[in-house]
Amino acid sequence: MYYKNIKPYLLIFLFCSFIFACGKDNSVNTNYQNYYDKESGGRLINAMTGEPSNLIAMIAGDSASSAIANNIFNSLLKYDESLNYAPEIAESWSISSNQKTITFKIRKGLFWADGEKLTSNDVMFTWKLVTDPKTRTPYASDYQLVKKASAPDPFTFVVTYEESYAPALDTWTALHILPEHLLKNEDINSTYFSRKPVGSNYYKLDGWKSGQQVSLTSNPLSINGKANINNLISRIIPDTSSQFLELTADNIDLMNINPIQFQRVFPSRKDLRNKIGLYKELGNGYTYLGFNLKKEPFNDKRVRKALNFAIDKNEIIKGVLLGLGEPLSSPYKPGTRWNNTKLKPYPYDSIKALALLNEAGYKKNKDGFLEKNGKILQFEILTNQNKQREMTAVIIQRRLKEIGVDVSIRVIEWASFINQFIKTGDFDVVVLGWSLSLDPDQYNIWHSSQQEPGQFNFLGYKNKRVDSLLEKGRVELDISKREKIYHKFSDILLDDSPIVYLYAGYGLSAINKRVRGIMKPSPPAGIYHNSYDWFIPKILRRNEISDI
Amino acid sequence: MISYLIKRVLWMFPMLIGISLISFFIMHLAPGDVTSTEASFNPKSSEESRQKLREIYNLDKPVIVQYGLWIQRISKLDFGNSFSSHQRPVLWETKDKNGNITKGLIQEALPITLLINLLGITVIFSISIILGTLSAVKQNSWVDKSITLFVFIGFAIPGFWLALLLMYWTGVSNQWLPISGLHSLNYQNLTLFGQFTDLIKHLILPVFVSSLSGLAGISLYVRNGMLEILNQDFIVTARSKGLNEKKIVFVHALKNAILPLITIIGLSIPGLIGGSVISESIFAIPGMGKLFYDSVLMRDFPVIMGILTIGSVLTLIGNLIADLGYAWADPRIRKGITK
């Protein structure tokens, strides 16, 4: 019979296709160790997890958008390699003697990528745009402090503040200048320009396939000169494991990796180490444990300090980041002037912690828990769905249990976390992160006036000395005086211990070794700082059939 | 028959309103709105600007008012624009005054998901019918047992794990297939045939992985249906008449055994537009699953409601088609309806 003659070939084939997963070594015999001269051309492919939403940075809020937009647009000023202010669209700037007026001299002979002239009118237009109430930008407040702005001639732009404002220069490094001639008749909130921008920086948009990739090509009219690499392609691959497979198959050149890949996978894979370089640099954020200062027992400084002593930060860095992070003692990036090097993080010292808690009235009960007035010391750590924060909370829970503190952990989706708990103040302790911004101003986070729902001092920190330091620091433009103010501020903050600084993690990148010119060790501004100067030697170029 | 059809179609409208009402309110039960995303938790942004955004999107109004506004728009078939900063239309492309076309979110994601799911369903049903028939005919033999084992392994294997293994095997160590994405980088420069094979190459893994878990259910359906039919009197009669066994199995038995599959196909129509977040993320395919998931996290209400509405319309149509298909295939039911 027909069906009886059917041999289960298909079946065997299907089974075998699972079992015979044989690995074949197909490493290319390219010598990545050779020296090559700088030459321009080539194509660099990187991977990003999210798709940019809008290339007008003042409207977009996501990091993917600003990563792409930074290659296309310029600001008046920028940060140089060592994080000092440097000219970009402005060739120089001067501050008036009353510290309220800044005059920017715009460079002459600048052009937009479409050939139009870039002048102070564009700067003026951008300022009007960002402060226009109709513009849906979350970042207007810094620019609304400008009382009067003017462009007396095409190469001068003057802003006058109501009061002197120290972070002003920092805000002018962040505002991408937009072309007036293309946007004056457009609604900035919905303009097609956000998907087809014209800028003045190294690259211009070449193509954008929704959900798949964004391609940039070098802009011959760039105000900073021409970048070495001709094309930048950002592929959108949401899953980092898939990104990693693409990297190992040489389909992408660059991705951000996690501590496990950095510390475990690469050391055990010689074939990968031969062709992929690893880079680490201190990231732009830190993770902290924050106390609800309006609540018992966290309104007691001794309790906060005790808990700070009872948490072993190095253990967390080792366990969660596999050693790829640093402990902090101030909210500033180590290595920058704002970081007060005299301050040291609270060391792990459970004896001191217990002594402080005893002083605060806590005694061990018969179950081994600390107790005061019949109430044991217990609280809930709240955090959002973030693997590293969850693991951090678990390690803290265990350490605090050792000294007799009963800690539970609750992990919540972000929007609920903010609306149900942070805005209502209904929490004990949170594990969250803040960015390590380049300007030291921390008014929005620590000033006692910033405690309304939706504002950022949700921990309820209130300290008169800190308030006055933050107010002073905001109006002081002299850098060395400012440095002193913020060193003092960090000192008080560390002693008050409203938060426990847990760690600042490293940003980890893996870049194919055919990409040359990357600075190692990375400068304070990070390895991407000189990405315009990276190059790919002709002999090492790949994946470029379509260019020919 | 016609009056039955009209009645069924008319019934869909109150159902749709009910569904949209429930989904709208449930969606608003979740705390937070588009201004409370992780990116907006930035000390450089101000609460005033978030409040402004809420007013622009009417999020400061009571939910019932928001629902009224939504119904007003949707009755004109206007699905609105996304709350996300790209402001793209939810359903269909729009053209600005300079002639630039902004594609709709669903418009871009739906064809991709539909293609993958249609291919998936075709693969699932054709393989399942073969496997199910084979197991039934060879009941309790080693063929039957190994097929059952195979489909259950396929059912039990976590898709993301298998996907990553296959990506490694076919993409990294052998470089037979592309690892992720929908097109190669040089897609634009390929010939039409080249583009077609490029797309097929990119789809092999996603379709294979998504079909594997579906084999178990359908093939067992077919197997049990077949067994039941093969034991019936008319098959015995056919056999005793000396009819060709091939004809008995494939013409007389199979036709009856796959009848219930029509219902399943009908019921899987709404599933056609729902992509899997996990497999879309792993294979970097910009489909409906990822779109829906991201809009829920963003609290992008117009997009969520857009997808839900289209999903419920398709579900209702799917049910209708299943019933009609049944009537078409089975004279007993057809008679029942016309009465």
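Everything quoted here is computed from the prediction, not taken from an experiment. (Residues numbered from 1 in each chain as written. Chains lettered and ligands numbered in written order. Predicted model: local features only at pLDDT ≥ 70, side-chain atom pairs only at ≥ 80, totals over all residues. Heavy atoms only, no water.)

Side note on the overall build of chain A
Note the threshold: Numbered from the N terminus, helices here are DSSP runs of H or I no shorter than four residues, and strands are runs of E no shorter than two. Two things to know: the radius of gyration comes from C-alpha atoms, and the globule rule equals 2.2 Å times the number of residues to the power 0.38. Residue exposure (1.4 Å probe, protein chains only): buried if accessible area is under 20% of the type maximum, exposed if over 50%, otherwise partly exposed. In what follows, residue pairs with any heavy atoms lying within 4.5 Å of each other are defined as contacts. All accessible areas in this document rest on Shrake-Rupley with a 1.4 Å probe, and a residue is counted as covered only by the protein chains that are shown. Neither His nor the chain ends is counted toward charge; the positive residues are Lys and Arg and the negative residues Asp and Glu. Where a charge lies is defined by one atom per residue type: Lys uses NZ, Arg uses CZ, Asp uses CG and Glu uses CD.
Of the regular secondary structure elements, chain A holds 17 helices and 21 strands. In terms of C-alpha radius of gyration, chain A reaches 27 Å, essentially the compact-globule figure of 24 Å for 548 residues. With the C-alpha coordinates aligned to their principal axes, the bounding extent of chain A is approximately 90 × 80 × 50 Å. Evaluated residue by residue, chain A yields a buried proportion of 56% over its 548 residues. Pairs at least 24 residues apart make up 68% of the contacts formed inside chain A by residues separated by at least 6 positions. Accessible surface for chain A amounts to roughly 23,800 Å². Of this, 50% is attributable to carbon and sulfur atoms. Here chain A holds 70 positive side-chain charges and 58 negative ones, and the gap between their average locations is 4 Å.

Things to note about the sheet that holds strand 4 (residues 90-95) of chain A
Residue and element names in this part refer to chain A. The condition is simple: Each pair of strands is called paired provided DSSP finds at least two bridges between the two strands. For every element, the axis is a line fit to its C-alpha atoms; helices are fit only across the contacting stretch, and the angle between N-to-C directions ranges from 0 to 180 degrees.
Read from one edge of the open sheet, 4 strands run 4-5-7-6, paired in antiparallel fashion. Of all the strands in the sheet, the pair left with one neighbour each is strand 4 and strand 6 (146-150). Going across the sheet, the axis of each strand differs from the next one's by a mean of 15 degrees, ignoring polarity. Bridge count between strand 4 and strand 5 (residues 101-106): 5 bridges; the pairing is antiparallel. In the sheet register, Ile95 faces strand 5, and the bridge partner there is Ile102. Against the sheet, helix 3 (residues 120-131) contacts strand 5, strand 6 and strand 7 (156-161), and its axis sits at roughly 30 degrees relative to strand 7.

Remarks on the sheet that holds strand 17 (residues 375-376) of chain A
All names here are of chain A. With antiparallel pairing, 3 strands are arranged side by side in an open sheet as 15-16-17. For this open sheet the edge positions go to strand 15 (363-364) and strand 17, each flanked by a neighbour on one side alone. As paired elements, strand 16 (residues 370-372) and strand 17 share 2 bridges and run antiparallel to each other. Across the sheet, Lys372 pairs through a bridge with Lys375, a residue of strand 17.

A short note on the pairing of strand 21 (residues 499-512) of chain A
Residues and elements named next belong to chain A. For strand 21, the tally of buried residues reaches 12 of 14 residues, placing the bulk of the element in the interior. In this structure, strand 13 (residues 285-291) lies alongside strand 21, joined through 4 bridges in antiparallel fashion. Paired with Gly290 across the bridge in strand 21 is Ile499. Examined bridge by bridge, strand 14 (residues 325-326) and strand 21 share 2 bridges and lie antiparallel to one another.

Describing the pattern of salt bridges
Heads up, the condition is: One speaks of a salt bridge when a side-chain nitrogen belonging to Lys or Arg is within 4 Å of a carboxyl oxygen belonging to Asp or Glu.
One pass over the structure, following the stated rule, counts 28 salt bridges over all chains. A salt bridge links Asp144(B) to Arg223(B); the shortest N-O distance between them is 2.9 Å. Pair noted here: Asp144(B) is in helix 5 (residues 142-156) and Arg223(B) is in helix 7 (residues 192-230), with a separation of 79 residues, a long-range link. Of the two residues, Asp144(B) and Arg223(B), both sit in the buried class. Where Lys290(B) meets Asp294(B), a salt bridge forms, and the shortest distance between an N and an O atom there is 3.0 Å. With Lys290(B) and Asp294(B) both in helix 13 (residues 288-298) and 4 residues apart, this pair spans about one turn of that helix. On the accessibility criterion, Asp294(B) (32% relative accessible area) is partly exposed. Salt bridges here are not isolated pairs; linked through shared partners, they connect Lys301(A), Arg304(A), Lys305(A), Asp495(A) and Asp496(A).

Considering the interface of chain B and chain A
Note the following rule: Accessible area that two parts lose when put together, evaluated with a 1.4 Å probe and summed over both, is termed the buried area.
On the chain A side, the residues contacting the 78 residues of chain B number 79 residues. When the buried surface of chain B facing chain A is broken down by residue, Phe41(B), Pro43(B) and Leu185(B) rank first, second and third, together holding 12% of it. Counting the contacts that link chain B with chain A gives 2 salt bridges. Across the salt bridge formed by Arg299(B) and Glu413(A), the nearest N and O atoms sit 3.0 Å from each other.

Examining the domain arrangement of chain A
All names here are of chain A. What counts, and what does not: Domain start and stop points were drawn from an automatic or database domain assignment. Distance and chemistry together define a polar contact, namely a pair of N or O atoms within 3.5 Å, with one atom able to donate a hydrogen and the other to accept it when in protein, and with adjacent residues in sequence counting only for side-chain atoms on both sides.
In terms of domains, chain A is made up of domain 1 (39-69 + 196-282 + 507-540), domain 2 (73-183) and domain 3 (285-504). Put simply, the middle of domain 1 and the middle of domain 3, counted by C-alpha atoms, are 34 Å apart. Facing the 9 residues of domain 1 at the interface are 8 residues of domain 3. Buried surface at the junction of domain 1 and domain 3, both sides included, amounts to about 730 Å², of which 74% is carbon and sulfur. The largest per-residue losses of area from domain 1 upon contact with domain 3 belong to Pro259, Gln263 and Leu282, which jointly make up 70% of the total buried on that side. Counting across the interface, domain 1 meets domain 3 through 0 salt bridges. Counting across the interface, domain 1 meets domain 3 through 1 residue pair in polar contact (both at pLDDT 80 or more). Of all the secondary structure elements, the ones that give two or more residues to the side of domain 1 that touches domain 3 are helix 8 (259-268) and strand 12 (276-282).

Some details on helix 10 (residues 301-310) of chain A
Residues and elements named next belong to chain A. Buried residues dominate helix 10, accounting for 8 of its 10 residues. Residues of helix 10 that are buried: Val303, Arg304, Lys305, Ala306, Leu307, Asn308, Phe309 and Ala310. Where helix 10 begins, the capping side chain belongs to Asp300, and its oxygen is found 2.9 Å from the backbone nitrogen of Arg302.

Notes on the side chain of Gln243(A)
Residue and element names in this part refer to chain A. Tracing the backbone through its elements, the reader meets Gln243 in helix 7 (residues 240-248). Judged by its relative accessible area of 2%, Gln243 is buried. When sequence neighbours within four positions are dropped, the list of residues in contact with Gln243 reads Ala47, Met48, Thr49, Ile237, Ile252, Met255 and Asn256.

Quick notes on the confidence of the model for chain B
All names here are of chain B. Quick note on the threshold: pLDDT is a per-residue confidence score from the predictor, ranging from 0 to 100.
Mean pLDDT for chain B: 85, with 98% of residues reaching 70 or above. Mean pLDDT values for the elements of chain B range from 68 in helix 15 (residues 331-338) up to 90 in helix 6 (residues 159-173). Reported for the predicted complex are a pTM of 0.86 and an ipTM of 0.85.

Section: the side chain of Asn231(A)
Within the secondary structure, Asn231(A) sits in strand 10 (residues 231-236). Given a relative accessible area of 15%, Asn231(A) falls into the buried group.

A word on the packing of helix 13 of chain B against helix 14 (residues 301-329) of chain B
Residue and element names in this part refer to chain B. Worth spelling out the cut-off: Should an angle fall under 35 degrees it is taken as roughly parallel, and over 145 as roughly antiparallel, whereas 65 to 115 is taken as roughly perpendicular and any remaining angle as oblique. Should the near helix be turned anticlockwise from the far one by less than a right angle, the crossing is left-handed, and should it be turned clockwise, the crossing is right-handed. Residue polarity is assigned by list, with Asp, Glu, Lys and Arg as charged and Ala, Val, Leu, Ile, Met, Phe, Trp, Tyr, Cys and Pro as nonpolar; anything else, Gly included, falls into the polar class.
At a minimum axis distance of 8 Å, the contact between helix 13 and helix 14 shows a crossing angle of 140 degrees. Here helix 13 is positioned oblique relative to helix 14, judged by the angle of their axes. The interaxial crossing formed by helix 13 with helix 14 has left-handed handedness. Residues Met288, Leu291, Phe292, Ser295 and Val296 of helix 13 form the contact with helix 14, whose own contacting residues are Val303, Ile304, Ile307 and Leu308. A breakdown of the residues in the contact of helix 13 with helix 14 according to their chemical character gives 8 nonpolar, 1 polar and no charged.

Thoughts on the packing of aromatic side chains
Keep this limit in mind: Aromatic rings from Phe, Tyr and Trp, taking only the six-membered ring of Trp, are treated as a pair when their centres fall within 6.5 Å; an angle between ring planes under 30 degrees marks them as stacked, one over 60 as edge-to-face, and anything in between as tilted.
Tallied over the entire structure, the rule returns 37 aromatic pairs over all chains. Judged by centre distance (4.8 Å) and plane angle (5 degrees), the rings of Tyr202(A) and Tyr532(A) are stacked. A residue pair is termed long-range when its members are at least 10 positions apart, and Tyr202(A) in the loop between helix 6 (180-183) and strand 8 (203-209) and Tyr532(A) in the segment after strand 21 qualify at 330 residues. Look at Tyr202(A) and you get buried, because its relative accessible area is 11%. An aromatic cluster of three or more residues is present, and its members are Tyr286(A), Tyr288(A), Trp414(A), Phe417(A), Phe427(A), Trp434(A), Phe456(A), Phe458(A), Tyr501(A) and Phe41(B).

What about the nonpolar core?
All names here are of chain A. Note the following rule: The set of buried Ala, Val, Leu, Ile, Met, Phe, Trp, Tyr and Cys residues whose side-chain atoms join them within 4.5 Å is what this entry labels a nonpolar core.
If you look at the biggest cluster of nonpolar residues, it comprises 75 residues, and the most contacted ones within it are Leu289, Leu400, Val430, Trp446 and Phe458. Beyond its immediate sequence surroundings of up to four residues, Val430 is in contact with Tyr288, Leu289, Gly290, Leu382, Phe417, Ile422, Phe458 and Leu459. Core analysis: the second largest hydrophobic core is formed by 64 residues, Met48, Ile59, Ile68 and Ile223 among them.

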